[in-house]
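Structural overview for review
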Amino acid sequence: MALDHFPANFIWGASTASYQIEGATKEDGRGPSVWDTFTARPGTVRDGHTGDVACDHYHRYEEDIELMAEAGLTGYRFSIAWPRIQPTGTGEVNLRGVDFYDRLVDGLLARGIEPVPTLFHWDLPQGLEDGGGWLNRDTAHRFAEYAAVMAGRLGDRVQKWITLNEPFVHMVWGYGLGTHAPGRTLLLDCLPVAHHQLLGHGLALRELRARGLQVMIANNCTPVWPASDAPADRAAARAYDNLHNRLFNDPILTGTYPDLSAFGADATLGGSVRDRDLELISAPLSALGINYYNPTRIQAPASEGLPFEEAPIEGYRRTAFDWPVVPDGLRELLVGLRERYPALPPVYITENGCSAEDVVNADGTVLDPDRIDYLDSHLQAVDAAVAQGVDVRGYFVWTLMDNFEWAEGFQQRFGLVHVDHDTQVRIPKASFAWYRDLIRAQRGRVEPDRLDG
Ligand code: GAL
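What you see is a predicted model, and the numbers here were worked out from it, not measured in a lab. (Residues numbered from 1 in each chain as written. Predicted model: local features only at pLDDT ≥ 70, side-chain atom pairs only at ≥ 80, totals over all residues. Heavy atoms only, no water.)

This part covers the layout of surface pockets. Estimates place the volume of the largest pocket at around 1200 Å³. Among the elements of the structure, α8 (167-177), α10 (231-253), β8 (296-299) and β9 (309-311) are those that each provide at least two residues to the lining of the largest pocket. For the lining of the largest pocket, the element with the most residues is α8, which contributes seven residues. The residue makeup of the lining of the largest pocket, split by class, is 29 nonpolar, 12 polar and eight charged. (1 Å grid on protein atoms, 1.4 Å probe; cavity = no way out; pocket = protein on both sides within 12 Å on 5 of 7 lines; lining within 4 Å. Points joined across faces, edges and corners; volume = space filled by probe spheres on them. Helix = DSSP H or I, 4+ residues; strand = E, 2+ residues; numbered from the N terminus. Nonpolar A, V, L, I, M, F, W, Y, C, P; charged D, E, K, R; others polar.)

Next comes the structure, spelled out in structure tokens:
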């Protein structure tokens with residue numbers, strides 16, 4: 001495969017998240033997170049799985065860095081567990097928690113891998129949830145405090161920071177539907193969670209920028225396809241686009257909220273927006289992180305309630321998660337963002353990947369041709385978007401290794417590396433070797449001097 005349009009210094013990465021891989025949830029002073037509380041409740045996660053041990057990365061991070069080096073990654077996106085840093089979400093800093101990320105960052109840098117931490121990938125300290133979590137405006141201020149702590153500790157070695165991971169998914173599944181922690185079922189009353197997360201982003205951005213650091217956010221985005229040209233389907237698709245995409249991109253890139261009147265909300269999002277909030281939220285970003293998995297097809301609702309209904313997408317292959325595989329959706333998304341936002345900053349694909357039913361063969365190999373195909377076709381879609389003028393600077397596969405996939409427990413495997421969740425044995429899959437070879441070939445093509453040296 002030739003990716004002809006990728007720039008030199010393109011970051012070839014993989015992504016993970018703290019609760020999904022670290023384990024060691026009670027070690028070295030870590031406080032409880034909403035995911036510890038949620039997974040302890042019967043019936044919340046498939047087969048009762050939890051992240052108590054996960055991939056035991058907290059103890060095995062050196063081995064995992066070796067794997068990344070073997071793959072030739074030039075970047076690694078991980079998340080910092082806030083409850084390791086401030087066990088109750090506020091106040092005193094737990095140095096043993098900070099030390100872990102210190103060692104991780106140093107280990108990555110020693111292997112020439114750029115660390116790209118995300119400050120919040122859903123594991124809110126339970127202490128903050130007890131005070132209302134992201135429904136409480138104060139959480140945004142606590143988040144900025146924590147961001148400042150981490151910037152102070154790692155900012156001498158870490159340049160690129162991601163504030164939040166997928167505030168849309170966290171709001172809808174965590175606070176609207178309750179299928180993720182903290183398990184609240186507020187339906188549309190969850191909208192203040194959008195604003196408070198975005199405010200947290202803006203306040204944290206200010207802290208990070210004051211220290212000369214680069215700031216991004218990782219938004220889950222989906223191209224929205226109306227099920228037909230009928231005005232009702234088109235209106236439903238617009239409403240959904242406003243909720244999923246624009247609610248989190250518009251305030252950051254234009255300083256305004258989209259029209260949410262179809263959801264019965266006005267521009268104050270349940271009274272949560274105050275003067276000057278949007279100024280903070282729309283302060284310039286260094287880059288926008290995009291997490292892409294598939295498009296969404298929307299039709300007019302058959303009954304009262306929500307102003308949209310999801311319609312099936314037929315005619316495409318599907319992942320083990322039953323998600324349609326639509327590589328061109330990524331090109332469509334990137335080009336669409338550039339058209340919608342004249343001030344679009346550079347973009348990083350901060351997550352993209354698929355789950356598959358991977359098995360270890362008798363000879364010890366794990367062959368995952370579907371994943372290779374998925375990654376290959378999506379990278380070509382990125383290349384096509386770059387050819388159409390979108391400034392994409394990096395790509396992070398979701399995910400480095402099979403891990404705790406939230407409500408699906410260990411059932412869904414997304415990794416380049418197979419993990420036996422009983423023994424913790426790691427086996428690089430065929431996709432790992434494929435990615436390694438691709439990175440090597442691409443870097444040799446556009447950065448020959450750097451590789452030769
Ligand atoms: C994203 C999330 C990741 C991962 C992935 C695959 O929404 O940020 O943590 O779980 O989906 O489902």
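From this point on, the discussion continues.
In total, this model carries one cavity of 30 Å³ or more according to the counting rule given. Roughly 30 Å³ of internal volume is contained in the largest cavity. For the lining of the largest cavity, the elements supplying multiple residues, two or more each, are α1 (18-21), β2 (75-79) and α5 (95-110). The element best represented in the lining of the largest cavity is β2, accounting for three residues. When grouped by side-chain class, the residues that make up the lining of the largest cavity number six nonpolar, four polar and one charged.

Residues Trp35, Ile80, Met171, Leu247 and Tyr435 are the most contacted members of the largest nonpolar core, which totals 133 residues. If you tally residues by element for this core, the top one is α10, at nine residues. Ile80 has contacts with Ser18, Ile85, Tyr101, Pro117, Thr118, Leu119, Asp123, Tyr146, Met150, Leu154 and Trp161, leaving out every residue within four places of it along the chain. Residues Val116, Ile162, Ala287 and Phe396 belong to the second largest nonpolar core, which totals eight residues. (Core = buried A, V, L, I, M, F, W, Y, C linked by side-chain atoms within 4.5 Å. Buried < 20%, exposed > 50% of the residue type's maximum accessible area, 1.4 Å probe, protein only. Contact = heavy atoms within 4.5 Å.)

Let us now look at unusual backbone geometry. Residue Pro182 is bonded to the preceding Ala181 through a cis peptide linkage, with omega at 5°. Position of Pro182 among the secondary structure elements: in the loop between α8 and α9 (191-210). The residue after Trp398, namely Thr399, is reached through a cis peptide bond having omega 20°. By the secondary structure assignment, Thr399 is in the loop between β11 (392-398) and β12 (417-419). With a phi close to 50°, Asp28 is a non-glycine residue in the positive phi region. Here Asp28 shows up in the loop between α1 and α2 (34-39).

A large share of α8 lies buried, amounting to nine of its 11 residues. Of the residues making up α8, those classed as buried are Pro167, Phe168, Val169, His170, Met171, Val172, Gly174, Tyr175 and Gly176. Positioned one or two residues after α8, Gly178 has a phi angle of 80°, which is positive.

Contacts to the ligand come from Gln20, His121, Trp122, Asn165, Glu166, Tyr293, Trp323, Glu351, Trp398, Glu405, Trp406 and Phe414. Between an oxygen atom of the ligand and a side-chain N or O atom of His121, the distance comes to 2.8 Å. A distance of 2.9 Å is found between an oxygen atom of the ligand and a side-chain nitrogen or oxygen belonging to Trp406. Against a free-state accessible area of 310 Å², the protein chains account for coverage of 95% of the ligand. A molecule is said to occupy a pocket when more than half its atoms come within 2 Å of that pocket's grid points, and by this definition the ligand occupies the largest pocket. (Near = heavy atom within 4 Å. Polar contact = N/O pair within 3.5 Å; in protein donor to acceptor, adjacent residues only side chain to side chain. Areas by Shrake-Rupley, 256 points an atom, 1.4 Å probe, with all protein chains shown as cover. Sits in = over half its atoms within 2 Å of the grid points.)

Here we take up the sheet that holds β9. Pairing is mixed in the open sheet, where three strands are placed in the order β6-β8-β9. The open sheet has two edge strands, β6 (224-226) and β9, and neither has a second partner. On average, each strand axis in the sheet is inclined to that of its neighbour by 45°, with strand direction left out of account. Of the strand pairs in this sheet, β8 and β9 are connected by three bridges, and their pairing is antiparallel. Each residue of the ladder has a partner; that of Ile298, found in β9, is Glu310. (Pairing = 2+ DSSP bridges. Axes fitted to C-alpha atoms, helices over the stretch in contact; angles between N-to-C directions.)

Another point: the pairing of strand β7 (residues 288-291). Burial along β7 is two-sided: the residues Leu288 and Ile290 and Gly289 and Asn291 are all buried. With four bridges connecting them, β7 and strand β10 (residues 347-351) associate as parallel partners. Following the sheet pairing, Leu288 is matched in β10 by Val347.

Compared with an ideal rise of 1.5 Å per residue, which puts 20 residues at 28 Å, α9 spans 29 Å between its outermost C-alpha atoms and is within 8% of the ideal. Remark: Gly212 follows α9 within two positions and exhibits a positive phi of approximately 75°. (Expected span 1.5 Å × (residues − 1).)

Another point: a nonpolar patch on the surface. Taken together, the side chains of Trp173, Leu177, Leu187, Leu188 and Leu306 define a hydrophobic patch exposed on the protein surface, amounting to about 430 Å² of accessible area. With respect to the secondary-structure elements, Leu188 resides in the loop between α8 and α9. (Patch = residues over 30% accessible without salt bridge, like charges linked within 9 Å, V, L, I, M, F, W, Y side chains within 5 Å. Salt bridge = Lys/Arg side-chain N within 4 Å of Asp/Glu carboxyl O.)

On to the packing of aromatic side chains. A full pass over the atoms with the stated rule returns 34 aromatic pairs. With centroids separated by 4.9 Å and ring planes inclined at 75°, the aromatic side chains of Phe100 and Tyr101 adopt a geometry described as edge-to-face. Both residues of the pair, Phe100 and Tyr101, belong to the buried class. Judged by centre distance (4.7 Å) and plane angle (45°), the rings of Trp122 and Trp406 are tilted. In this pair, Trp122 sits in the loop between β3 (114-120) and α6 (126-130) while Trp406 sits in the loop between β11 and β12, placing the two residues 284 residues apart along the sequence. In this structure, Trp122 and Trp406 share a single accessibility class: buried. The structure contains a cluster of three or more aromatic residues connected by ring pairs, namely Tyr19, Trp35, Phe38, Trp122, Phe404, Trp406 and Phe410. (Phe/Tyr/Trp six-rings, centres within 6.5 Å; stacked < 30°, edge-to-face > 60°.)

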